[in-house]
Amino acid sequence: MTEWTGNYDAVVIGGGAAGLNGALMLARSRRSVLVVDSGAPRNAPAHAVHGLFARDGVPPRELLRRGRDEVRGYGGEIVDDEVTAVARVDDGLAVTLRDGGTVRARRLLVTTGLVDELPEIAGLRERWGREVVHCPYCHGWEVRDQPIGVIATGPMSVHGALLFRQLSADVVFLANDLPLSADQREDLAARGIEVVEGAVAALEITQDRLTGVRLADGTLIPRTTVAVASRMVARAEFLAGLGLTAVAHPSGMGEHIPADPTGRTEVPGVWAAGNVTDLSAQVGSAAAAGAMAGAQINADLVAEEVRAAVAARV
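Residues numbered from 1 in each chain as written. Predicted model: local features only at pLDDT ≥ 70, side-chain atom pairs only at ≥ 80, totals over all residues. Heavy atoms only, no water.

Thoughts on the packing of helix α1 (residues 17-28) against helix α2 (residues 60-73)
Viewed as axis vectors pointing N to C, α1 and α2 meet at an angle of 20°, and their least axial separation amounts to 9 Å. Judged on the interaxial angle alone, α2 and α1 are roughly parallel. The handedness of the crossing between α1 and α2 comes out as left-handed. Residues A17, L20, A23, L24 and A27 of α1 form the contact with α2, whose participating residues are L64, G67, R68, E70 and V71. Each residue belonging to the contact of α1 with α2 can be placed in one class, and the counts come to seven nonpolar, one polar and two charged. (Axes fitted to C-alpha atoms, helices over the stretch in contact; angles between N-to-C directions. Helix = DSSP H or I, 4+ residues; strand = E, 2+ residues; numbered from the N terminus. Parallel < 35°, antiparallel > 145°, perpendicular 65-115°, else oblique. Left-handed = near helix turned anticlockwise from the far one by under 90°. Contact = heavy atoms within 4.5 Å. Nonpolar A, V, L, I, M, F, W, Y, C, P; charged D, E, K, R; others polar.)

Encoded structure:
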């Protein structure tokens, strides 16, 4: 027999921008809400959040601290833990935590984000979020006018190089053995982006600063910033018990949990928001999606309660 350690209208798995905004909407609707967060945000290496209206430049952990305080201010609960499994029970969902507890949820909002899978290039992971960046909108202004090297990893790499060219006149495209079409080469050449052939072996670090990119043949390409697109994979293993697994994203950029525009997944009672379903979502759009999903979950609960109330009158 399961020993329940809590019963909630909604459990939010993941306490980033999407999860906290979803929890905020639910708590403000007087729903009992539990946010479960492992404390490992994707943007932890970054020194600031950018492109977020009225909060541009705020440190990631400060933004989350404010969000947690707001959720708690409306009666929402937050626990520092990790969800290991979710299962269907007769009247809802059983959410198992790593500490051994199990809570019951009428609805579930999944906002666990994603994992960035990087190519096996020496030094890349260590400099991730520092001199190694991935998004021109998140980091571009901060690396403007610097010598930027874009390491090819897949079909979106040329597009990324063209975006970074908007921010610096000194951009090179490190092909890393990626085949390029004639049209792609023409686009890069037209914008003054040199294509450097050959596999990338390592980043060159001098006095704890990136100074270049070393090719497999030993050639050093001086650079102070490297841009690389990761393969993005949704954190969703714990949903396997519901038959909900990550699938290939249409963009080819990784794997996500499919959801409709309101965040509803194919599994009844389960919504998803943020990077776990939208791989390219920035903090602002993730937060907006969380708010949408939270409102939709509340509306779904209201509809269920109305049906029950009508049935009780018969």
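Some thoughts on the pattern of salt bridges
Applying the stated criterion across every chain yields a total of 23 salt bridges. For R66, the salt bridge identified is with E62, shortest N-O distance 2.9 Å. With R66 and E62 both in helix α2 and four residues apart, this pair spans about one turn of that helix. On the basis of relative accessible area, R66 is assigned to the partly exposed category, the value being 30%. Overall, E62 belongs to the partly exposed group, its relative accessible area being 23%. (Salt bridge = Lys/Arg side-chain N within 4 Å of Asp/Glu carboxyl O. Buried < 20%, exposed > 50% of the residue type's maximum accessible area, 1.4 Å probe, protein only.)

Quick word on the packing of α1 against helix α7 (residues 283-313)
Between two packed helices, the angle of one axis relative to the other and the distance separating the axes together describe the packing. Where α1 contacts α7, the two axes come as close as 7 Å, and the packing angle between them is 35°. The crossing of α1 and α7 is right-handed. Along its contact with α1, which presents A17, A18, N21, G22, M25 and L26, the element α7 presents V283, A286, A287, A288, G290, A291, G294, A295, I297 and N298. Class assignment for the residues of the contact of α1 with α7 results in eleven nonpolar, five polar and no charged.

Some remarks on α7
Structural remark: α-helix, 3.6 residues per turn; residues separated by three or four positions point the same way. In this model α7 runs 45 Å from its N-terminal to its C-terminal C-alpha over 31 residues, within 8% of the 45 Å that 1.5 Å per residue would give. Where α7 is concerned, the buried positions are A286, A287, G290, A291, A293, G294, I297, N298, D300 and L301. (Expected span 1.5 Å × (residues − 1).)

Quick word on the UniProt feature "domain: FAD/NAD(P)-binding" (unreviewed entry) in the protein
Under the local residue numbering, the UniProt record ascribes the feature "domain: FAD/NAD(P)-binding" (unreviewed entry) to residues 8-290. Across residues 8-290 one finds 21% helix and 31% strand; the C-alpha atoms that close the span lie 18 Å apart. (UniProt positions renumbered as here; feature names shortened; annotations may be inferred.)

A closer look at the nonpolar core
Counting residues in each nonpolar core, the largest one holds 25 residues, and the members touching the most others are V11, V86, V95, L108 and L239. Going through the elements one at a time, β1 (4-13), β2 (33-37), β4 (83-89), β5 (92-97), β6 (102-110) and β19 (270-272) are the ones with two or more residues in this core. L108 has contacts with V11, I13, V86, L93, V95, L239, G269, V270, W271 and I297, leaving out every residue within four places of it along the chain. Counting residues in each nonpolar core, the second largest holds 20 residues, with A23, L26, L64 and I297 among its members. (Core = buried A, V, L, I, M, F, W, Y, C linked by side-chain atoms within 4.5 Å.)

Notes on the sheet that holds strand β10 (residues 171-174)
Here we have five strands laid out as an open sheet, ordered β8-β15-β9-β10-β11, and parallel in their pairing. Each edge of the open sheet is held by one strand with a lone partner, namely β8 (132-133) and β11 (194-196). Bridge count between β8 and strand β15 (residues 225-228): two bridges; the pairing is parallel. Residue V132 lies in a different strand from β15, and its bridge partner there is V226. Against the sheet, helix α5 (residues 157-165) touches β8, β9 (148-151), β10 and β15, its axis set at about 170° to β10. (Pairing = 2+ DSSP bridges.)

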